[in-house]
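One letter stands for each residue in the lines below.
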Amino acid sequence: MATTASSSLQIAAARPCISSSRRLFKAGAAILGGNSKAATWNKLTSACHISSVQPFQRSFTSSSIKFNKVATKAMSNTSENKPVSGLPIDLRGKRAFIAGVADDHGYGWAIAKSLAAAGAEILVGTWVPALNIFESSLRRGKFDESRVLPDGSLMEITKVYPLDAVFDNPEDVPEDIKTNKRYAGSSNWTVQEAAESVKKDFGSIDILVHSLANGPEVTKPLLETSRKGYLAALSASSYSYVSLLKHFIPIMNPGGSSISLTYIASERIIPGYGGGMSSAKAALESDTRVLAFEAGRKHKIRVNSISAGPLRSRAAKAIGFIDMMIDYSSANAPLQKELSAEEVGNTAAFLVSPLASAITGAVIYVDNGLNAMGVGVDSPIFKDLDIPKAEH
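Summary of the structure given here. (Residues numbered from 1 in each chain as written. Predicted model: local features only at pLDDT ≥ 70, side-chain atom pairs only at ≥ 80, totals over all residues. Heavy atoms only, no water.)

### Digging into the overall build of the protein
Okay, so step 1: Counting its secondary structure elements, the protein contains nine helices and 10 strands.
Okay, so step 2: Here the protein holds 392 residues, and the buried ones make up 56% of them.
Okay, so step 3: Intrachain contacts of the protein at a sequence separation of at least 6 include 82% that bridge at least 24 residues.
Okay, so step 4: Carbon and sulfur atoms make up 53% of the accessible area of the protein, which totals about 17100 Å². (Helix = DSSP H or I, 4+ residues; strand = E, 2+ residues; numbered from the N terminus. Buried < 20%, exposed > 50% of the residue type's maximum accessible area, 1.4 Å probe, protein only. Contact = heavy atoms within 4.5 Å. Areas by Shrake-Rupley, 256 points an atom, 1.4 Å probe, with all protein chains shown as cover.)

### Some points on the packing of helix α1 (residues 107-117) against helix α9 (residues 341-351)
Axes are the key here: two packed helices are described by the angle between their axes and the distance separating the axes.
Okay, so step 1: Remark: α1 packs on α9, axes separated minimally by 7 Å, with the N-to-C direction vectors making an angle of 55°. As judged from the angle between their axes, α1 and α9 are oblique. Crossing of α1 against α9: the hand is right-handed. Only Ala341, Glu342, Val344, Gly345, Asn346, Ala348 and Ala349 of α9 make contact with α1, whose side of the interface consists of Tyr107, Ala110, Ile111, Ser114 and Leu115.
Okay, so step 2: Tallied by class, the residues present in the contact of α1 with α9 amount to eight nonpolar, three polar and one charged. (Axes fitted to C-alpha atoms, helices over the stretch in contact; angles between N-to-C directions. Parallel < 35°, antiparallel > 145°, perpendicular 65-115°, else oblique. Left-handed = near helix turned anticlockwise from the far one by under 90°. Nonpolar A, V, L, I, M, F, W, Y, C, P; charged D, E, K, R; others polar.)

### Points about the packing of aromatic side chains
Okay, so step 1: Scanning the model with the defined rule gives seven aromatic pairs in all.
Okay, so step 2: Taking the centre distance of 5.7 Å and the plane angle of 40° together, the rings of Phe134 and Phe143 count as tilted. Take Phe134 and Phe143: they sit in the same class, and that class is buried.
Okay, so step 3: Judged by centre distance (6.0 Å) and plane angle (65°), the rings of Phe167 and Trp189 are edge-to-face. Residue Phe167 is located in the loop between β6 (157-162) and α3 (175-178), and its partner Trp189 is located in the loop between α3 and α4 (191-202); the two are separated by 22 residues in the primary sequence.
Okay, so step 4: Each residue in the set Phe97, Tyr161 and Phe248 is aromatic and connected to the rest through ring pairs, giving one cluster. (Phe/Tyr/Trp six-rings, centres within 6.5 Å; stacked < 30°, edge-to-face > 60°.)

### Some words on unusual backbone geometry
Okay, so step 1: Even without being glycine, Asn188 reaches a positive phi, approximately 55°.
Okay, so step 2: With respect to the helices, strands and loops of the structure, Asn188 is situated in the loop between α3 and α4.
Okay, so step 3: Given the relative accessible area of 41%, Asn188 is considered partly exposed.
Okay, so step 4: The phi torsion at Lys300 lies on the positive side, around 60°, for a residue other than glycine.
Okay, so step 5: According to the relative accessible area criterion, Lys300 is exposed, its value standing at 61%.

### Regarding the sheet that holds strand β9 (residues 302-308)
Okay, so step 1: Strand order across the open sheet formed by seven strands is β6-β5-β4-β7-β8-β9-β10, with parallel pairing between neighbours. Two strands bound the open sheet, and with one partner strand each, they are β6 and β10 (363-366). Looking at each pair of strands side by side, their axes are set apart by 20° on average, direction ignored.
Okay, so step 2: Here β9 pairs with β10 via four bridges, running parallel. When the bridges of β10 are listed, Ala308 appears paired with Val366.
Okay, so step 3: Together, β4 (95-99), β5 (121-126), β6, β7 (205-210), β8 (252-262) and β9 form the strand contacts of α1, whose direction differs from that of β4 by roughly 175°.
Okay, so step 4: Against the sheet, α9 makes contact with β8, β9 and β10, and its axis sits at roughly 165° relative to β9, the strand it touches most. (Pairing = 2+ DSSP bridges.)

### Points about the pattern of salt bridges
Okay, so step 1: Tallied over the full model, the rule gives eight salt bridges.
Okay, so step 2: Arg92 is the salt-bridge partner of Asp90, the closest N and O atoms lying 2.5 Å from each other.
Okay, so step 3: Its salt-bridge partner being Asp144, residue Arg147 comes within 2.8 Å of it at the nearest N-O pair.
Okay, so step 4: Under the relative-accessibility criterion, Arg147 is labelled buried at 8%.
Okay, so step 5: Residue classification places Asp144 among the partly exposed positions, given a relative accessible area of 29%.
Okay, so step 6: Connected through salt bridges with shared partners, the residues Asp144, Arg147 and Glu156 form a single ionic network. (Salt bridge = Lys/Arg side-chain N within 4 Å of Asp/Glu carboxyl O.)

### Here we look at the nonpolar core
Okay, so step 1: Residues Leu115, Ile122, Phe134, Ile157 and Ile306 are the most contacted members of the largest nonpolar core, which totals 41 residues.
Okay, so step 2: Core analysis: the next-biggest nonpolar cluster, separate from the first, contains 27 residues, Leu163, Ala195, Phe248 and Ala292 among them. (Core = buried A, V, L, I, M, F, W, Y, C linked by side-chain atoms within 4.5 Å.)

### Considerations on α1
Each turn of an α-helix holds 3.6 residues, which means side chains three or four residues apart point in the same direction.
Okay, so step 1: Where burial is concerned, most of α1 is hidden: 11 out of the 11 residues are buried.
Okay, so step 2: Three or more residues of α1 are buried, namely Tyr107, Gly108, Trp109, Ala110, Ile111, Ala112, Lys113, Ser114, Leu115, Ala116 and Ala117.
Okay, so step 3: At the exit of α1 stands Gly119, carrying a positive phi of roughly 105°.

### Digging into helix α2 (residues 128-139)
Okay, so step 1: Over its 12 residues, α2 runs 17 Å from end to end, which matches the ideal 16 Å to within 8%, given 1.5 Å per residue.
Okay, so step 2: The buried count for α2 comes to nine of 12 residues, which makes it a mostly enclosed element.
Okay, so step 3: Structurally, α2 contributes buried residues whose contacts are with α1, β5 and β6.
Okay, so step 4: Directly after α2, the chain includes Gly141, whose backbone phi takes a positive value near 80°. (Expected span 1.5 Å × (residues − 1).)

### Things to note about the pairing of β6
Okay, so step 1: When you tally the buried positions in β6, you get six out of six residues, the bulk of the element.
Okay, so step 2: In this sheet, β6 lies alongside β5 in parallel orientation, the contact comprising five bridges. When the sheet's bridge partners are listed, Gly125 is paired in β6 with Tyr161.
Okay, so step 3: Taken together, β5, α2 and β6 form a β-α-β motif whose crossover is right-handed. (Right-handed = clockwise from strand over helix to strand, strands pointing away.)

So this is what it looks like as structure tokens:
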């Protein structure tokens, strides 16, 4: 069972990658701004006298609600010595490995963009069967629009590695996977081998991102889930993070940071999110706390998780009710707007930056506040209550 890339509801469909050298784009330092009147990517603008830049547009269809976002600015290298206002998110000189990027629609991609905008070098791990399509799309420029950074340059992925985080080492790989045509031509794609390859190529990393999840029986109610399906969900969606940290921590620089992506089904009932996936997310969050203690004490590495709201990604559509969850969130969350992947990416950039140097073992909600709600206010039961609504 191979691991898929994490989606909005954290059941992704992406996997580990193959090598492809690319140049590093130095995006410069990012700065948290206080302009809540503008959208995130509209204001991810260069500080070298550029007031705005054409934003990367993402279109959604289920909600017509307009909204504003907290802004983030990127500072170009030419303005390094100039005084700037705000708190800098400066990841220049840092190297990030992001496990679970196979297209330009999910949270993993958005996190890569935000880290690149802050100056980090980007390495990614992609599921082996998705590798050729991902690499081909990069070469052919299919992702170019999605790669646009705040200053108009394109995000560069320095290297892409094959990765299947379900397998710790070559001895764990069953024969049917070894001989599978989808894995033909790729090598060194277990977690241990990927870490060794990164060490050989770059020596060390500073940031590790786990954007992986897979539940083969996710559409089944828990009572109908098989033992095999349940354990497969835990293996791909939670233990894979333990394995990644175990093998990558030895090459992480002290003071580094790691994040994973979780979902509120870990603590609330989400009908339709089955197959053991809710249990896997609960395990992931529990492991985050324990790993934060162990990695912090032994290696001075911070470990956090982002509980992200629903996103209309390709991977999320596989579970069948993502549009319904987005509409529900827009109707019931304190902030009546559709969550963007960039908002999760920017949170990740903050969490791995020095600004979050005292934050570890935490689950950070990025869901427009839906986690705080106790009832669905769109219920007919509340029709006579004067419930505040967003102004369109």
